[in-house]
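# Secondary and tertiary structure notes
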Amino acid sequence: SNDTGSYTQAGGTLFKNGVSHDDIDQGAVGTCFVLSALAGTANDKPSVINNMFKDNGDGTWTVKFTTNGDTDYVTVDRMMATFDRAAGAHLDGRYIYANDGGDNGARNIVAGDNELWGALAEKAYAQLNESNKIGQDGTNSYGGISGGWSATATTHITGTGASWGRASFSGAGSSVSS
């Protein structure tokens, strides 16, 4: 088999030391738009992240998203996609997709003591995609949410509108010396 992945039960807890933008680390698919929306929300309104999750007490969490004013609930478990030895011994048992941040991009061992909220939110968003409500391809897959708009994902996460901000450089006359 060419299979380079399987699902492994993730160890750890939903949150550790509160919610931080640094809890997010992108994995092997282009979900930066979702993860940056999660990180931005964690940074600006951590209570929104806390309120996204309901612990069902059975190893599953219900994750809340809002689409066009409708609230959607997606239930996810701790089974996370992991690399197996075929991908290389150094990756065996580590997250394929989003995992804990704060480790300079190192991939965490899923069975370890992880902070789960980022990985669970990404998994729930991939499942929500199957509803055809979020403007992606309508599949229940990580690949189905590869590439998108951060403003759209922010709306799904926060339930509020998002718009493009304008960044400007104010430094007339400033120079960079080498």
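In this report, the structure presented in the accompanying data block is examined. The residue numbering used here restarts from 1 in each chain and proceeds along that chain's sequence as written. Residue-level local features of this predicted model are given only where pLDDT is at least 70; pairs of side-chain atoms are given and counted only at 80 or more, and the full residue set underlies all totals for whole chains, interfaces and linings. Heavy atoms from the whole structure form the basis of all side-chain values; hydrogens and water molecules are not counted.

### Digging into the pattern of salt bridges
In what follows, salt bridge is the name for a side-chain nitrogen of Lys or Arg lying within 4 Å of a carboxyl oxygen of Asp or Glu. In the structure shown here, the tally under the stated rule is three salt bridges. Between Lys133 and Asp72 there is a salt bridge, with its nearest N and O atoms 2.8 Å apart. Residue Lys133 is found in the loop between α3 (117-128) and α4 (150-158), and its partner Asp72 is found in strand β5 (residues 70-77); the two are separated by 61 residues along the sequence. Classification of residues uses two cut-offs on accessible area relative to the type maximum, computed with a 1.4 Å probe and protein chains only: under 20% is buried, over 50% is exposed, and between them is partly exposed. What makes Lys133 partly exposed here is its relative accessible area of 35%. Numbering of helices and strands runs from the N terminus, with a helix taken as a DSSP run of H or I at least four residues long and a strand as a DSSP run of E at least two residues long.

### Some words on α4
An α-helical segment advances 3.6 residues per turn. Residues three or four places apart therefore align on the same side. Restricting attention to buried positions, one finds in α4 the residues Ala151, Ala153, His156 and Ile157. One or two steps after α4, the chain reaches Gly159, where phi turns positive at roughly 75°.

### Side note on the packing of helix α1 (residues 32-44) against α3
Any two packed helices are characterised by the angle at which their axes cross and by the distance between the axes. It is the contact of α1 with α3, at a shortest axis distance of 11 Å, that shows an interaxial angle of 135°. Judged by the inter-axis angle, α1 sits oblique to α3. The chirality of how α1 crosses α3 is right-handed. Residues Phe33, Val34, Leu35, Leu38 and Ala42 of α1 form the contact with α3, whose participating residues are Trp117, Gly118, Ala121, Glu122 and Tyr125. Tallied by class, the residues present in the contact of α1 with α3 amount to eight nonpolar, one polar and one charged. Note on method: axes are straight lines fitted to C-alpha atoms, helices fitted across the in-contact stretch only, with angles between N-to-C directions ranging 0 to 180 degrees. Convention used here: angles under 35 degrees read as roughly parallel, angles over 145 as roughly antiparallel, angles from 65 to 115 as roughly perpendicular, and any remaining angle as oblique. Each crossing gets its handedness from the near helix: less than a right angle anticlockwise from the far helix is left-handed, clockwise is right-handed. Any pair of residues with heavy atoms lying within 4.5 Å of one another is described as a contacting pair. Under the scheme applied here, ten amino acids are nonpolar (Ala, Val, Leu, Ile, Met, Phe, Trp, Tyr, Cys and Pro), four are charged (Asp, Glu, Lys and Arg), and all others, including Gly, are polar.

### So, the side chain of Thr60
Along the chain, Thr60 turns up in strand β4 (residues 60-67). A relative accessible area of 16% means that Thr60 is categorised as buried. Within the structure, the side chain of Thr60 is placed 3.0 Å from the side chain of Asn56, a separation counted as a polar contact. Here a polar contact is taken to be a pair of N or O atoms separated by no more than 3.5 Å, where protein atoms must pair a possible hydrogen donor with a possible acceptor and residues adjacent in sequence count only if both atoms sit in side chains. Side chain to side chain, Thr60 and Asp58 meet in a polar contact 2.5 Å long.

### Brief notes about the packing of α1 against α4
Where α1 contacts α4, the two axes come as close as 8 Å, and the packing angle between them is 55°. One finds that α1 runs oblique with respect to α4. For the crossing formed where α1 meets α4, the hand is right-handed. For the pair formed by α1 and α4, the contact residues are Phe33, Val34, Ser36, Ala37, Leu38 and Thr41 on the first element and Ser150, Ala153, Thr154, Ile157 and Thr158 on the second. A per-class count over the contact of α1 with α4 returns six nonpolar, five polar and no charged.

### As for the packing of aromatic side chains
What characterises a pair of aromatic rings is the spacing of the ring centres plus the angle enclosed by the ring planes. Each Phe, Tyr or Trp ring, with Trp reduced to its six-membered ring, pairs with another whose centre is within 6.5 Å; inter-plane angles below 30 degrees give stacked pairs, above 60 give edge-to-face pairs, and intermediate values give tilted ones. Applying the stated criterion across every chain, the model contains four aromatic pairs. Both rings, one in Phe33 and one in Tyr125, keep their centres 6.3 Å apart while their planes meet at 65°; by these two values the pair is edge-to-face. Pair noted here: Phe33 is in helix α1 and Tyr125 is in helix α3, with a separation of 92 residues, a long-range link. On the basis of an interplanar angle of 15° and a centroid distance of 3.9 Å, the ring pair of Tyr97 and Tyr142 is categorised as stacked. Taken together, the residues Tyr97 in the loop between β6 (79-83) and β7 (114-115) and Tyr142 in the loop between α3 and α4 connect sequence positions 45 residues apart. Ring pairs connect the aromatic residues Phe33, Phe65 and Tyr125, which therefore count as one cluster.

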